[in-house]
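Inside the fold
If you want the building blocks of each chain, they are given just below.
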Amino acid sequence: MAIARDNAASLFAEGGASTLRLILYLATAITIMVIDHRANYLHTLRATASVVVEPVYRLAALPADIARATREAVATQDQLARENRELREQLLLAQARLNRLDALLAQNARLKDLLDAQKNLGLSVQFARLIDVDLDPFRHRVVLNVGATQGARVGQPIIDAQGVMGQLVEVLPNTAVAMLITDPTHAIPVVVERTGLRTIAYGSGATDRLELRDIPRSADIKSGDKLLTSGLGGRFPPGFPVGTIGSVSTDRKGMFIAATALPAAALDRSGEVLLLQDQPQPYGPPAAAPPAAPPAEPTPATPPPASAPTAAPASPPATATESP
């Protein structure tokens, strides 16, 4: 079967005419490029052509863009989740360190107060730390980390930086149990600082209240008065803060005054305390003064110097001379 031959002239067909057309086209193209490069006449045409062709480029690159965006989204989500988890862990760690720092600062302040109290009191004390607390309504007891091995003894008063906390009621080899002043079975002799009125503060079973009972109606006591240890009984040395009078009212019988007081010590917050060593109380007459030393013997008079006799007789002749 004969193949039909295309008689149309091709651009690269053999022959002189085709070569001449090719040269003409190349010259035209070079001329247009030089003119465009010199005068930039085809800028608008290129801009229009790029606007027309750009959607085709974007459509061709769309699958690759979608795949890359998907990979970045997945990777970014995983990275964000990992960073979020790491930041949460760092935040928890920083919060824990901050809380620990606050606790250390508070402990440092309490220890400083205890040291200041020890220096101001000028008494022999022993430092102790609370290791257990029992604050049910019928027993207000705390356990300290010192015992008989460390020199603790039953009856020793314990204080914090603000005031009296209680006394030791049981001493074991390495621990001791202390009864707080708010224990329902505890009582402490006190004196009103303002008036000198002596009375007894009883534990109420609440860590924020002491009770003062059977106060005479004629007694001068009012809210805000400070209570100090009176020293009676020889257990608590005098002058330590015990509490502050809160309310004053008449008891149920109407014959006496009843008052409540807020403890001075931080019974529900103190973690470090001081154990007071036994302070000897003076009994009987004061000790006799030591005998005075015998007076020293008088020293003999010093003889006058040799020039004195010569000077004494010289005075009368001078007077006799002036008389005539």
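One structure accompanies this document, and this report is about it. (Residues numbered from 1 in each chain as written. Predicted model: local features only at pLDDT ≥ 70, side-chain atom pairs only at ≥ 80, totals over all residues. Heavy atoms only, no water.)

Along the backbone of the protein chain there are four helices and twelve strands. Burial statistics for the protein chain: of 324 residues in total, 25% are counted as buried. In the protein chain, the proportion of contacts linking residues at least 24 apart, taken out of those at least 6 apart, comes to 55%. Carbon and sulfur atoms make up 61% of the accessible area of the protein chain, which totals about 22,500 Å². (Helix = DSSP H or I, 4+ residues; strand = E, 2+ residues; numbered from the N terminus. Buried < 20%, exposed > 50% of the residue type's maximum accessible area, 1.4 Å probe, protein only. Contact = heavy atoms within 4.5 Å. Areas by Shrake-Rupley, 256 points an atom, 1.4 Å probe, with all protein chains shown as cover.)

The antiparallel closed barrel is built from six strands, whose spatial order is S6-S7-S8-S11-S10-S9. Adjacent strand axes in the sheet meet at a mean angle of 40°, parallel and antiparallel pairs treated alike. Two elements, strand S9 (residues 226-229) and strand S10 (residues 241-250), share three bridges in a ladder whose sense is antiparallel. Its bridge partner lying in S10, Leu228 is registered against Pro241. (Pairing = 2+ DSSP bridges. Axes fitted to C-alpha atoms, helices over the stretch in contact; angles between N-to-C directions.)

Among the structural elements, Glu272 can be located in strand S12 (residues 272-276). A polar side-chain atom of Glu272 sits 3.0 Å from a polar atom in the side chain of Arg129. (Polar contact = N/O pair within 3.5 Å; in protein donor to acceptor, adjacent residues only side chain to side chain.)

The sheet built from six strands closes into a barrel, its strands ordered S1-S2-S5-S4-S3-S12 with antiparallel pairing. Each adjacent strand pair in this sheet contributes to an overall mean axis angle of 45°, direction not counted. The pairing of strand S1 (residues 125-136) with S12 spans five bridges and is antiparallel. Bridging across to S12, Arg129 finds its partner in Glu272.

A few words on the pattern of salt bridges. Throughout the structure, instances matching the rule amount to eight salt bridges. The partner of Asp65 in a salt bridge is Arg68, and the shortest N-O contact between them spans 2.5 Å. Of the two residues, Asp65 and Arg68 both sit in helix H2 (residues 43-121), three residues apart, roughly one turn of that helix. Residues Arg194 and Asp220 are paired through a salt bridge, measuring 3.0 Å at the closest nitrogen-oxygen approach. Linking Arg194 in the loop between strand S6 (187-192) and strand S7 (198-203) with Asp220 in the loop between strand S8 (210-216) and S9, this pair joins segments that are 26 residues apart in sequence. What makes Arg194 partly exposed here is its relative accessible area of 40%. Linked through salt bridges whose partners overlap, the residues forming this network are Arg194, Asp220 and Asp225. (Salt bridge = Lys/Arg side-chain N within 4 Å of Asp/Glu carboxyl O.)

This brings us to the pairing of S12. Consecutive residues of a regular strand have side chains that alternate between opposite faces of the sheet. Within S12, five of the five residues are buried, which leaves it mostly tucked inside the rest of the structure. By the alternation rule, side chains of S12 split into Glu272, Leu274 and Leu276 and Val273 and Leu275, which are all buried.

Counting buried positions over the five residues of strand S5 (residues 176-180) gives five, a clear majority of the element. Taking every second residue as pointing to the same face, both faces of S5 are buried, with Ala176, Ala178 and Leu180 on one and Val177 and Met179 on the other. Both strand S2 (residues 139-144) and S5 contribute to a ladder of four bridges, which runs antiparallel. Within S5, the position partnered with Arg141 by the bridge is Met179. Of the strand pairs in this sheet, strand S4 (residues 164-171) and S5 are connected by five bridges, and their pairing is antiparallel. When the bridges of S5 are listed, Val171 appears paired with Ala176. Between the end of S4 and the start of S5, which pair antiparallel, lie four residues.

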